[in-house]
Amino acid sequence: MPPSPPPAGSEKPARIALVAALCAIEAAALVIGGIYMLVMGLLGRPDSPQQAETGGLTLIALGLIPLFATRGLLLRRSWSRGPALITQLMALPVAWTLLRAQGALIPAGIGLAVVAGTALVLLLAPATTRALGIRVQRTTPDA
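A brief report on the enclosed structure follows. Everything quoted here is computed from the prediction, not taken from an experiment.

### Some details on the overall build of the protein chain
- The helix and strand inventory of the protein chain stands at five helices and zero strands.
- Taken from N to C terminus, the helices and strands of the protein chain fall in the order α-α-α-α-α.
- The principal-axis extents of the C-alpha atoms in the protein chain amount to approximately 65 × 35 × 25 Å.
- Within the protein chain, the fraction of its 143 residues that count as buried is 29%.
- For the protein chain, long-range pairs separated by at least 24 residues make up 68% of all intrachain contacts whose partners lie at least 6 apart in sequence.
- Summed over its atoms, the accessible surface of the protein chain is roughly 9300 Å², and 68% of this surface lies on carbon and sulfur atoms.
- In the protein chain, 11 positive and 5 negative side-chain charges are present, and the distance between their average locations comes to 10 Å.

Here it is as structure tokens:
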């Protein structure tokens, strides 16, 4: 199946660029965190090097999801909303966990909650749905 082209004659709304930027920030944070964990697992003195390396590789792999979503959003592909939504829904419990922690993790939790919440609102907005060419199916008959 060929990729869905953007709707004809319409420009990319700023909301798509903003949500793509938020996904890119999340992707970068995941990849950077994963590289840090991987390096510290290999060169540092973690309690469990194997766990640090596995966690680092997992974060890097998870960072690919919002990265692909970012690319799809910028190209206005309808499929890109799914991975972007999944990323935001996965970020909310992480933000909650960070908010219940202590010290510098609380501001990180606030930032993550703001980013994920903003991205969810933008992704679920009807204007975004239309801009991505997603057709909304009616569940009630027209009168």
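Now that the structure has been shown, the text picks up again.
### With respect to helix H1 (residues 14-43)
- Counted at 1.5 Å a residue, the expected span for H1 with its 30 residues is 44 Å, and the 43 Å between its end C-alpha atoms agrees.
- Inspection of H1 places Ile16, Val19, Ala20, Leu22, Cys23, Glu26, Ala27, Gly34 and Gly41 among the buried residues, and these make up the whole buried set.
- Those residues of H1 that are buried lie in contact with helix H2 (49-74), helix H3 (81-99), helix H4 (105-124) and helix H5 (126-131).

### A few points about the side chain of Glu26
- Examined against the element boundaries, Glu26 turns out to sit in helix H1.
- The charged side chain of Glu26 is buried without a salt bridge, its nearest counter-charge being Arg81 at 14 Å.
- The residues contacting Glu26, other than those within four sequence positions of it, are Pro66, Thr87, Gln88, Ala91, Leu112, Val115 and Ala116.

### Here we look at the environment of Ala61
- If you trace the backbone, Ala61 turns up in helix H2.
- As a C-alpha pair, Ala61 and Gly34 span 27 residues in sequence and 8.5 Å in three-dimensional space.

### What to know about the packing of H1 against H4
- Packing of H1 against H4 leaves a shortest axis separation of 10 Å and a crossing angle of 145°. Helix-helix and strand crossings are classified by hand; for H1 and H4 the assignment is left-handed. Residue-level inspection shows Arg15, Leu18, Val19, Leu22 and Glu26 of H1 in contact with H4, the latter providing Leu112, Val115, Ala116, Thr118, Ala119, Leu122 and Leu123.
- For the contact of H1 with H4, a count of residues per class yields nine nonpolar, one polar and two charged.

### Looking at the nonpolar core
- Within the largest apolar cluster, 16 residues are counted, with the highest numbers of intra-cluster contacts made by Ile16, Val19, Leu22, Leu73, Ala84 and Leu123.
- Among the secondary structure elements, those contributing two or more residues to this core are H1, H2, H3 and H4.
- Discounting chain neighbours no more than four positions away, the residues touching Val19 are Leu73, Ala119, Leu122 and Leu123.

### Overview of H3
- Here H3 spans 27 Å end to end across 19 residues, near enough to the 27 Å set by a 1.5 Å rise per residue.
- Taken as a whole, H3 has its buried residues at Arg81, Ala84, Leu85, Thr87, Gln88, Ala91 and Ala95.
- Buried residues belonging to H3 abut H1, H2, H4 and H5.

Parameters at a glance
- Residues numbered from 1 in each chain as written.
- Predicted model: local features only at pLDDT ≥ 70, side-chain atom pairs only at ≥ 80, totals over all residues.
- Heavy atoms only, no water.
- Helix = DSSP H or I, 4+ residues; strand = E, 2+ residues; numbered from the N terminus.
- Buried < 20%, exposed > 50% of the residue type's maximum accessible area, 1.4 Å probe, protein only.
- Contact = heavy atoms within 4.5 Å.
- Areas by Shrake-Rupley, 256 points an atom, 1.4 Å probe, with all protein chains shown as cover.
- Lys, Arg positive; Asp, Glu negative; His and termini not counted.
- Charge placed at Lys NZ, Arg CZ, Asp CG, Glu CD.
- Expected span 1.5 Å × (residues − 1).
- Salt bridge = Lys/Arg side-chain N within 4 Å of Asp/Glu carboxyl O.
- Axes fitted to C-alpha atoms, helices over the stretch in contact; angles between N-to-C directions.
- Left-handed = near helix turned anticlockwise from the far one by under 90°.
- Nonpolar A, V, L, I, M, F, W, Y, C, P; charged D, E, K, R; others polar.
- Core = buried A, V, L, I, M, F, W, Y, C linked by side-chain atoms within 4.5 Å.

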